[in-house]
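Letter by letter, the chains look like this.
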2 protein chains.
Amino acid sequence: MNYAKWMNDIGDSFIGEMLKAAQNPSMISFAGGLPAHELFPDQALQRSFQRVFEEQGKPALQYAQTAGHPPLREWLASQHSRNGKPAKMENIVVTTGSQQGLSLLAQTFLDPGDVVFLEMPTYLGAIQAFQAFRAQLRMIPCDEQGIIPEELEKMLQEVTPKFLYLIPNYQNPSGKVMGLARRLQLLRVAQIYDLLIVEDNPYGELRFEGEKLPNLLDLGENVIYLGTFSKVLAPGLRVGYIVAEEDIVDHLCQTKEGVDLHSNNLTQRAVVEFLQEGLLPGHIETLRKVYKERRQAMVEAIERYLGDEVEMIVPAGGLFLWARFKNIANSFDYVEETIRQNVLYVPGSFFYTDQRITSEVRLNYSCSTPEVIDEGIRRLARAIVG
Amino acid sequence: MNYAKWMNDIGDSFIGEMLKAAQNPSMISFAGGLPAHELFPDQALQRSFQRVFEEQGKPALQYAQTAGHPPLREWLASQHSRNGKPAKMENIVVTTGSQQGLSLLAQTFLDPGDVVFLEMPTYLGAIQAFQAFRAQLRMIPCDEQGIIPEELEKMLQEVTPKFLYLIPNYQNPSGKVMGLARRLQLLRVAQIYDLLIVEDNPYGELRFEGEKLPNLLDLGENVIYLGTFSKVLAPGLRVGYIVAEEDIVDHLCQTKEGVDLHSNNLTQRAVVEFLQEGLLPGHIETLRKVYKERRQAMVEAIERYLGDEVEMIVPAGGLFLWARFKNIANSFDYVEETIRQNVLYVPGSFFYTDQRITSEVRLNYSCSTPEVIDEGIRRLARAIVG
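What you are looking at is a predicted structure, and each value in this text was computed from that prediction instead of being measured.

**Student:** Report on the side chain of K176 of chain A, specifying residues and quantitative values.
**Tutor:** Residues and elements named next belong to chain A. By the secondary structure assignment, K176 is in the loop between β9 (163-166) and α8 (180-192). It turns out K176 is buried and unbridged, and the closest side chain with the opposite charge, D143, is 6.2 Å from it. Leave out the neighbours within four places in its chain, and K176 touches C142, D143, E144, G146, P168, N169, Y170, Q171 and I313.

Okay, here's the thing in structure tokens:
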């Protein structure tokens, strides 16, 4: 079959393979990015869906506006400011999860060969979304706070990208946080070079320690912001959103019209009901508490079973812990053995566009209890260190 | 802002403008393709969602498989055969509405400049989906049964398209049906030229008269089939699907992974519940009966108010009536006046890739009662004929 060229340039779906392996019930998976499903507020959501059926009825099942259900857009606008000014409904487009946000941005902005800057390493799903539109991906060197402004500036002198994609809070995969001073530095560079920034913030609310930092969206101009309910409510609902200037929102809607017309109408309305019940802040508190315990359990298990074998970045929030094995060359080489030992992780190479050889691994702690985390790290140590 | 090139080549969203105008409550809209919302089986769907929450609970809110919820794929497979053999779950990918099916096919198959063959005229949303991937669109001349095989063959001798897109049942916008002999002729040509056919069948179940005809999918090889629950259940749920050979399904899933990871998990499960309650066939009977009355009301109103002014194709099913005004040059010229008269239609030019001047119009009858249809056609006659 004669597929589009970009399909030849990508390998088989590693995510797909991992999801299949994760279906084995005795498997402990640190590979996904799954929220803890036992914490989903399913009863509150059930009430929300009931209320939509009872109070709004049939119109909730009809075609809807491409930009999203207006009350949801209003609520989302009320949660954000853009460069110090309140966002308006016209700045919001609701997406079918944040992954669609990435794909819509790619389709709306990228011609084949266009350059996109990324953090090194970065989210695999962003790499996939941009590669599908045949972008040239360039990774910017990072330190413990993310992108190094001098390195960004050096790259900007060489080539003009369509945008810079980054995750400032609890970055995927590294868990890093970009501090306030670094955010401001980065925005200064962006302003000088008229650089569009795509700020992806799926994990910002999952803060275990430290102060809440302002979004780049709120600190400067020329920022497109991606948000989602996947990590704070439920990913199966596929409700994400983009905040951007009106002209960009209009163009994203034109793209979205051809892509899926609009996102699930009933679900958008149910999310509004859930939000109006005022349950989200309390639910986020629960998530923070539980995920912090699990993060702690993973840190302790790593210290216990892997001791001097790894260097890790202890994340102050989010879902992922990034670690480097000191005495192996390539973390990819151990996937088969760890699957035999019934534990899954993602080898670091998947988060680099050059598929480099690395001894890094990404470990997810959000969907396993402390006991399971302990056992999983024990198995991992046995499989990799022996 | 520096958007992707394809965005410069398209105009403002006419669909978007029409949807805005349609929000005026005194507007009679024949412009959309909306199912009758008063017929939505909202109480049965409410029960379906309830059952998912009660019996499946939290896993229904988690991330899901990209190809779709397995029981839904199983059910869909049971409804289809491919070239005489039963379809399998592996032949199915669930999509976020059929519009996503079109976009996934475009992204998976099309490089900029690739050729796609279409019926003349054809569905605006398909034109949009394919233009977004910078395809060269070529329309094939049609007679009263759709694509003329000799014309197709002539075009195939000139250029090799990636695929031919068509709607064999109650075509959008023309309402035409492709007869069995024509289907077989077309498949013979397709086989000779190794032509991939994309068969879009959103309206097939909405049959008022005539025999049910077999799908191209079931009559030949090298067919990709698009189906949807939007017209027989509820479009706001955004549940469509594609039936294709396994290798194509695998590639579509790779694309979909980057596009939205998967479609709404909860909703897919609720649709399975609805289907298992066995209510779909009875609901479709209701739709047929009501839409047939409305089709009849529109035909009679056109005869009453427009008499010799128009030639129309009386559709034997589906949602749309296609008519040509005999004494005007360009149906687009009357949009403003009809909006003033509070009635909406889609000018025929939107269904041609060359935006030709035409006196044709597409009229939707599914979402208005016979009385409203009568009044709307009266207004239309006043606005266009005077």
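**Student:** Kindly report on the environment of E221 of chain B, identifying the contributing residues and their values.
**Tutor:** Mapped onto the elements of the fold, E221 of chain B is located in the loop between α9 (216-219) and β11 (223-228). Engagement of the side chain of E221 of chain B in a polar contact is seen with the side chain of N83 of chain B, the distance being 3.5 Å.

**Student:** I'd like to hear about the environment of D9 of chain A, residue by residue, with values.
**Tutor:** The topology assignment puts D9 of chain A in the loop between α1 (5-8) and α2 (14-21). The spacing of D9 of chain A and S98 of chain A is 89 residues in sequence and 24 Å in space, taken between C-alpha atoms.

**Student:** An account of the nonpolar core is requested, with residue identities and associated values reported.
**Tutor:** Formed by 272 residues in total, the largest nonpolar core has its most connected members in F130 and Y165 of chain A together with F130 and Y165 of chain B. Not counting residues up to four positions away in its chain, the partners in contact with F130 of chain B are L102, A106, L110, V116, L118, A135, L137, F163 and Y165 of chain B.

**Student:** I'd love a proper account of the interface of chain A and chain B, names of residues and values included.
**Tutor:** Chain A puts 76 residues into the contact, and the matching count from chain B is 76 residues. Of the roughly 6,600 Å² buried between chain A and chain B, counting both surfaces, carbon and sulfur atoms make up 55%. At the junction of chain A and chain B, the tally comes to six salt bridges. For K5 of chain B, the salt bridge is made with D111 of chain A, and the minimal N-O distance between the two is 3.8 Å.

**Student:** Which residues make up the sheet that holds strand β17 (residues 360-364) of chain A, and what values do they have?
**Tutor:** Residues and elements named next belong to chain A. On the basis of which strands lie adjacent, the open sheet formed by four strands has the order β13-β14-β17-β16 and antiparallel pairing. Two strands lie at the open edges of the sheet, namely β13 (310-313) and β16 (346-347), each paired on one side alone. One ladder, built from two bridges, connects β16 with β17; its direction is antiparallel. Note that in β17 the partner of P347 across the bridge is V361.

**Student:** Quick rundown of the relation of the copies chain A and chain B? Include the residues and the values.
**Tutor:** The operation relating chain A to chain B is a screw motion whose rotation component is 180 degrees, with 0.0 Å of axial translation and a residual RMSD of 0.0 Å. Such a combination of rotation and displacement between the chain copies is what one expects of a two-fold axis. Of the interface residues in chain A, 100% have counterparts in chain B that sit at the interface too, so the contact is made through matching surfaces.

**Student:** Can you lay out the environment of L344 of chain B for me, pointing to particular residues and giving the numbers?
**Tutor:** All names here are of chain B. Mapped onto the fold, L344 is located in strand β15 (residues 343-344). Sequence separation between L344 and G386 is 42 residues; the distance between their C-alpha atoms is 16 Å. Not counting residues up to four positions away in its chain, the partners in contact with L344 are M18, A21, A22, M27, I28, S29, F30, A31 and I339.

**Student:** Break down the packing of helix α3 (residues 42-56) of chain B against helix α11 (residues 265-276) of chain B for me, with residues and values.
**Tutor:** Residues and elements named next belong to chain B. Relative to each other, α3 and α11 sit at 115 degrees, their axes nearing to 8 Å. Considering their axes alone, α3 and α11 lie roughly perpendicular with respect to each other. In this structure, the crossing between α3 and α11 has a hand that is right-handed. Residue-level contacts link A44, L45, S48, F49, R51, V52, F53, E55 and Q56 of α3 to L266, T267, R269, A270, E273 and F274 of α11.

**Student:** Lay out the side chain of Q341 of chain A in plain terms, naming residues and giving numbers.
**Tutor:** Residue and element names in this part refer to chain A. Residue position: Q341 is located in the loop between α13 (335-340) and β15 (343-344). Taking relative accessible area as the criterion, Q341 reaches 18% and is therefore assigned buried. Beyond its immediate chain neighbours, meaning those up to four positions away, Q341 contacts R379, R382 and A383.

**Student:** Break down the pairing of strand β4 (residues 92-95) of chain A for me, with residues and values.
**Tutor:** Residues and elements named next belong to chain A. Of the two faces of β4, both are covered, the one formed by I92 and V94 as well as the one formed by V93 and T95. As defined by bridge partners, β4 adjoins strand β12 (residues 240-243) across four bridges and the pair is classed as antiparallel. Pairing of I92 across the sheet is with V243, part of β12.

**Student:** Talk me through the pattern of salt bridges; I want residue IDs and the actual numbers.
**Tutor:** Taken as a whole and judged by the stated rule, the model has 46 salt bridges over all chains. Between E375 of chain B and R378 of chain B there is a salt bridge, and its shortest N-O distance comes to 3.0 Å. Of this pair, E375 of chain B and R378 of chain B are both found in helix α14 (residues 370-384), three residues apart, which corresponds to roughly one turn of the helix. What makes R378 of chain B partly exposed here is its relative accessible area of 32%. Through salt bridges that share partners, R47, R51, E273 and E277 of chain A make up one connected network.

**Student:** So what's going on with unusual backbone geometry? Residues and values would help.
**Tutor:** A cis geometry characterises the amide bond from M120 of chain A onward to P121 of chain A, with omega recorded as -5 degrees. Considering the arrangement of structural elements, one finds P121 of chain A in the loop between β5 (115-119) and α6 (124-131). Between N172 of chain A and P173 of chain A the backbone carries a cis peptide bond, its omega angle lying at 15 degrees. Mapping P173 of chain A onto the fold places it in the loop between β9 and α8. The residue Q355 of chain A is not glycine, and still its phi comes out positive at about 50 degrees. Within the fold, Q355 of chain A resides in the loop between β16 and β17. Q355 of chain A gets classed as exposed once you look at its relative accessible area, which sits at 53%. The backbone phi angle of Y170 of chain B is positive, close to 50 degrees, even though this residue is not glycine.

**Student:** I'd like a description of the packing of aromatic side chains, backed by residues and values.
**Tutor:** For the structure on display, the rule yields 26 aromatic pairs over all chains. Between F130 of chain B and Y165 of chain B, the aromatic rings sit 5.6 Å apart at their centres with planes inclined by 80 degrees, giving edge-to-face as the arrangement. On the criterion of sequence distance, the pair formed by F130 of chain B in helix α6 (residues 124-131) and Y165 of chain B in strand β9 (residues 163-166) is long-range, its members being 35 residues apart. Owing to a relative accessible area of 0%, F130 of chain B belongs among the buried residues under this scheme. An angle of 85 degrees between the planes, with centres 5.7 Å apart, marks the rings of W322 of chain B and F351 of chain B as edge-to-face. Taken as a pair, W322 of chain B in strand β14 (residues 320-325) and F351 of chain B in the loop between β16 (346-347) and β17 (360-364) lie far apart in primary sequence, 29 residues in all. Owing to a relative accessible area of 5%, W322 of chain B belongs among the buried residues under this scheme. Judged by relative accessible area, F351 of chain B falls into the buried class, the value being 1%. Through a chain of ring-to-ring contacts, the aromatic side chains of Y3 of chain A together with F109, F130, F163 and Y165 of chain B assemble into a single cluster.

**Student:** Tell me what's going on with the sheet that holds strand β12 (residues 240-243) of chain B, and back it up with residues and numbers.
**Tutor:** All names here are of chain B. A sheet is described by the order of its strands in space; here seven strands give the open sequence β4-β12-β11-β10-β9-β5-β6, paired in mixed fashion. Bordering the open sheet on either side are β4 (92-95) and β6 (136-140), each of which pairs with just one other strand. Between one strand and the next, the sheet's axes are offset by a mean angle of 20 degrees, whatever the strand orientation. When β9 meets strand β10 (residues 197-200), the two strands line up parallel, connected through three bridges. Looking at β10, one finds that L166 is bridged to E199. Its contacts with the sheet put α6 on β5 (115-119), β6 and β9, and the angle it makes with β6 is roughly 150 degrees.

**Student:** Let's hear about the domain arrangement of chain A: which residues, and what values?
**Tutor:** Residues and elements named next belong to chain A. The assigned domain composition of chain A is domain 1 (5-41 + 282-384) and domain 2 (42-276). The centre of domain 1, based on its C-alpha atoms, is set 24 Å off from the matching centre of domain 2. Taken together, the 31 residues of domain 1 in the interface contact 35 residues of domain 2. Roughly 3,100 Å² is buried in total at the junction of domain 1 and domain 2, and carbon and sulfur atoms are behind 67% of that figure. The largest contributions to the domain 1 side of the interface with domain 2 come from P41, R288 and T353, which together make up 21% of the buried area. On inspection of domain 1 and its partner domain 2, the count reaches two salt bridges. Between R295 and E209 there is a salt bridge; the shortest N-O distance is 2.6 Å. Where domain 1 packs against domain 2, one counts twelve residue pairs in polar contact (both at pLDDT 80 or more). Going through the elements one at a time, α1, α12 (280-305) and β14 (320-325) are the ones with two or more residues in the side of domain 1 that touches domain 2. Residues belonging to the side of domain 1 that touches domain 2 are distributed by class as follows: 20 nonpolar, five polar and six charged.

The rules behind these values
Residues numbered from 1 in each chain as written. Chains lettered and ligands numbered in written order. Predicted model: local features only at pLDDT ≥ 70, side-chain atom pairs only at ≥ 80, totals over all residues. Heavy atoms only, no water. Helix = DSSP H or I, 4+ residues; strand = E, 2+ residues; numbered from the N terminus. Buried < 20%, exposed > 50% of the residue type's maximum accessible area, 1.4 Å probe, protein only. Lys, Arg positive; Asp, Glu negative; His and termini not counted. Salt bridge = Lys/Arg side-chain N within 4 Å of Asp/Glu carboxyl O. Contact = heavy atoms within 4.5 Å. Polar contact = N/O pair within 3.5 Å; in protein donor to acceptor, adjacent residues only side chain to side chain. Core = buried A, V, L, I, M, F, W, Y, C linked by side-chain atoms within 4.5 Å. Buried area = accessible area lost by both parts, 1.4 Å probe. Pairing = 2+ DSSP bridges. Least-squares fit on C-alpha atoms with pLDDT ≥ 70 in both. Axes fitted to C-alpha atoms, helices over the stretch in contact; angles between N-to-C directions. Parallel < 35°, antiparallel > 145°, perpendicular 65-115°, else oblique. Left-handed = near helix turned anticlockwise from the far one by under 90°. Phe/Tyr/Trp six-rings, centres within 6.5 Å; stacked < 30°, edge-to-face > 60°. Domains from an automatic or database assignment. Nonpolar A, V, L, I, M, F, W, Y, C, P; charged D, E, K, R; others polar.

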